[in-house]
Amino acid sequence: MSAVFRPGENEPLFCIGEFPVRLITLLVALHSTAMVTVSLLLATGQHAGWLDALTYSSTEVARGQIWRMVTYAFVTGPSIWFLLEMLMLYYFGREVENGLGWRRFALLYTGLILLGPLLLQAFGYAGIPQTFSGAQEVNFAVFAAFVAMHPGAQFFFGLAARWVFVGLLAISSLQRLADHQPAQVLVLIASSIMAVFLMRRAGFEEPMFGYSFRWSLPGLRRPHPRFSVIHGGISRTSVQSPSIRKEVPVDPEQEMDRLLDKIGREGIGSLSTEERASLEQARQAILLRSGGSSN
């Protein structure tokens, strides 16, 4: 097998033969390898010292064992839920990585891993020691990031992604409350909010629930976007003044392909009034062009 490295954020990290390996592939492989290792340690009875040294503990972190703030995410036992979690991480994480590029996706995932321990450490300093293992909250936040990109994507029974997200967040929070884990409810909600916020900052601004809130306080101006969304990722762009910004002609075939692609992903109900008008204009332009060429 050969490994060919390719530069660029929106390309695979490398290829093994004809198989492209992306960052999300490595993350799923790392979680799976860690699960197998934990299972073997549990089976051989050699797990006490090793697993305890890797699990997050606010008391031990306060004593200087800061590696626990990362290693806890890879301490999990075997279960059917772990398999489903990895399938969801790969499916949704692949879309998020494609949208952000692998570097920004790596920063997002690292930040999500660190957020939980930072919040739980505050409980520890307040006299409420916390222990924690597994990356369920982190991987759920990746799903939240996907929903921020495609809130109208159709799921089972025709439900939009936004409502699936709300339902899963509610049932997961209730489950943790029933298990007397209020701190983990905070981690779950904070991780999801962080993921959605960072996707908004990256340029994905489609309203989560069909509308958006904007503050209009005196003296408060909305900052210019730092990134612009492009197919397969985002890139930095220069900000032009509205007075000198020029309208770029849109090719009708490209516009129709873009809108048809959105309909295929999220359904025709996801199109706004402007997008429906653009679709009709593109259709008319293609018909005129086709008729002119035939003459």
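Residues numbered from 1 in each chain as written. Predicted model: local features only at pLDDT ≥ 70, side-chain atom pairs only at ≥ 80, totals over all residues. Heavy atoms only, no water.

## Details of the packing of aromatic side chains
To be explicit about the condition: Put simply, two rings from Phe, Tyr or Trp (the six-membered ring, in Trp's case) pair if the centres are within 6.5 Å, and we call them stacked under 30 degrees between planes, edge-to-face over 60, tilted for the rest. Counting from the N terminus, the helices are the DSSP runs of H or I reaching at least four residues and the strands are the DSSP runs of E reaching at least two. Working definition: with a 1.4 Å probe on protein chains only, accessible area under 20% of the residue-type maximum means buried, over 50% means exposed, and in between means partly exposed.
Taken as a whole and judged by the stated rule, the model has 12 aromatic pairs. Measuring from centroid to centroid gives 6.0 Å for phenylalanine 92 and phenylalanine 155, while their planes differ by 25 degrees, and the two rings are stacked. Note that phenylalanine 92 is positioned in helix 5 (residues 80-100) and phenylalanine 155 in the loop between helix 7 (136-149) and helix 8 (161-178), a separation of 63 residues in sequence. With relative accessibility at 6%, the residue phenylalanine 92 sits in the buried group. Taken together through their ring pairs, the aromatic side chains of Tyr91, Phe92, Phe140, Phe143, Phe146, Phe155 and Phe165 make up a single cluster.

## So, empty space enclosed by the protein
Our working rule: Cavity means a closed set of points on a 1 Å grid over the protein atoms alone, one where a 1.4 Å probe fits but cannot get out, pocket means an open set with protein on both sides within 12 Å along at least 5 of 7 lines, and lining means a residue has an atom within 4 Å of a point. Grid points are joined across faces, edges and corners, and a volume is the space filled by probe spheres set on the points. Three categories are distinguished: nonpolar for Ala, Val, Leu, Ile, Met, Phe, Trp, Tyr, Cys and Pro, charged for Asp, Glu, Lys and Arg, and polar for the others, with Gly belonging to the last.
The tally for this structure, following the rule as stated, stands at one cavity of 30 Å³ or more. Of the volumes computed, that of the largest cavity is approximately 40 Å³. Looking at the largest cavity, the residues that line it are His31, Ala73, Thr76, Phe82, Glu85, Met86, Gly134, Ala135 and Gln136. A breakdown of the residues in the lining of the largest cavity according to their chemical character gives four nonpolar, four polar and one charged.

## Here we look at helix 8
Stated precisely, the cut-off is as follows: To estimate how far a helix should extend, the number of its residues minus one is multiplied by 1.5 Å. Picture the helix axis, draw a direction to every C-beta atom, and the arc is the one those directions span. Residue contacts follow a heavy-atom distance rule, with two residues in contact if any of their heavy atoms lie within 4.5 Å.
Taking 1.5 Å per residue as the helical rise, helix 8 with its 18 residues ought to reach 26 Å, and the 26 Å between its terminal C-alpha atoms agrees with that figure. Those residues of helix 8 lying buried are Ala161, Arg162, Val164, Phe165, Leu169, Ser172, Ser173 and Arg176. Angular distribution of buried residues about the axis of helix 8 spans 155 degrees; they occupy a single face of the element. Structural note: helix 8 exposes Ile171, Leu174 and Ala178 on the side pointing more than 90 degrees away from its buried face. Turning to helix 8, the residues buried within the fold contact helix 7 and helix 9 (182-202).

## So, the confidence of the model for the protein
Rules: Each residue carries a pLDDT value, the predictor's own confidence for that position, ranging from 0 to 100.
Residues with a pLDDT of 70 or more make up 77% of the protein, whose mean pLDDT is 79. Taken element by element, the protein is modelled with least confidence in strand 1 (residues 3-5), mean pLDDT 39, and with most confidence in helix 7, mean pLDDT 95. This model gives residues 1-8 a pLDDT under 50, and the stretch forms 14 contacts once residues within four places in sequence are excluded. Residue range residues 212-248 is modelled with pLDDT below 50. Its contacts to residues more than four positions away, or to other chains, number 40 contacts.

## Considerations on the side chain of serine 57
The residue serine 57 is located in strand 4 (residues 56-57) in this model. Given a relative accessible area of 13%, serine 57 falls into the buried group. The contacts of serine 57, once residues within four sequence positions are left out, are Arg68, Gln130 and Thr131.

## Describing the nonpolar core
Basically, it comes down to this: In this description, a nonpolar core means a group of buried Ala, Val, Leu, Ile, Met, Phe, Trp, Tyr and Cys residues linked to one another through side-chain atoms lying within 4.5 Å.
Counting residues in each nonpolar core, the largest one holds 51 residues, and the members touching the most others are Val96, Phe105, Tyr109, Phe143, Phe165 and Met199. At the level of secondary structure, the elements contributing two or more residues to this core comprise helix 1 (23-44), helix 5, helix 6 (102-125), helix 7, helix 8 and helix 9. Counting residues per element, this core draws most heavily on helix 7, at 11 residues. Other than its neighbours up to four places away in sequence, phenylalanine 143 contacts Phe92, Phe155, Ala161, Val164, Phe165 and Leu168. In this structure, Met256, Leu259, Leu271 and Ala282 belong to the second largest nonpolar core, which totals five residues.

## Some remarks on the pattern of salt bridges
Close approach of charged atoms allows side chains with opposite charge to pair. Stated precisely, the cut-off is as follows: Here, a salt bridge means any Lys or Arg side-chain nitrogen found within 4 Å of an Asp or Glu carboxyl oxygen.
Evaluation of the coordinates by the stated rule reveals three salt bridges. A salt bridge links glutamate 60 to arginine 63; its shortest N-O distance comes to 3.2 Å. Salt-bridge contacts for arginine 176 lead to glutamate 137; the nearest nitrogen and oxygen are separated by 2.7 Å. Taken as a pair, arginine 176 in helix 8 and glutamate 137 in helix 7 lie far apart in primary sequence, 39 residues in all. Both residues of the pair, arginine 176 and glutamate 137, belong to the buried class.

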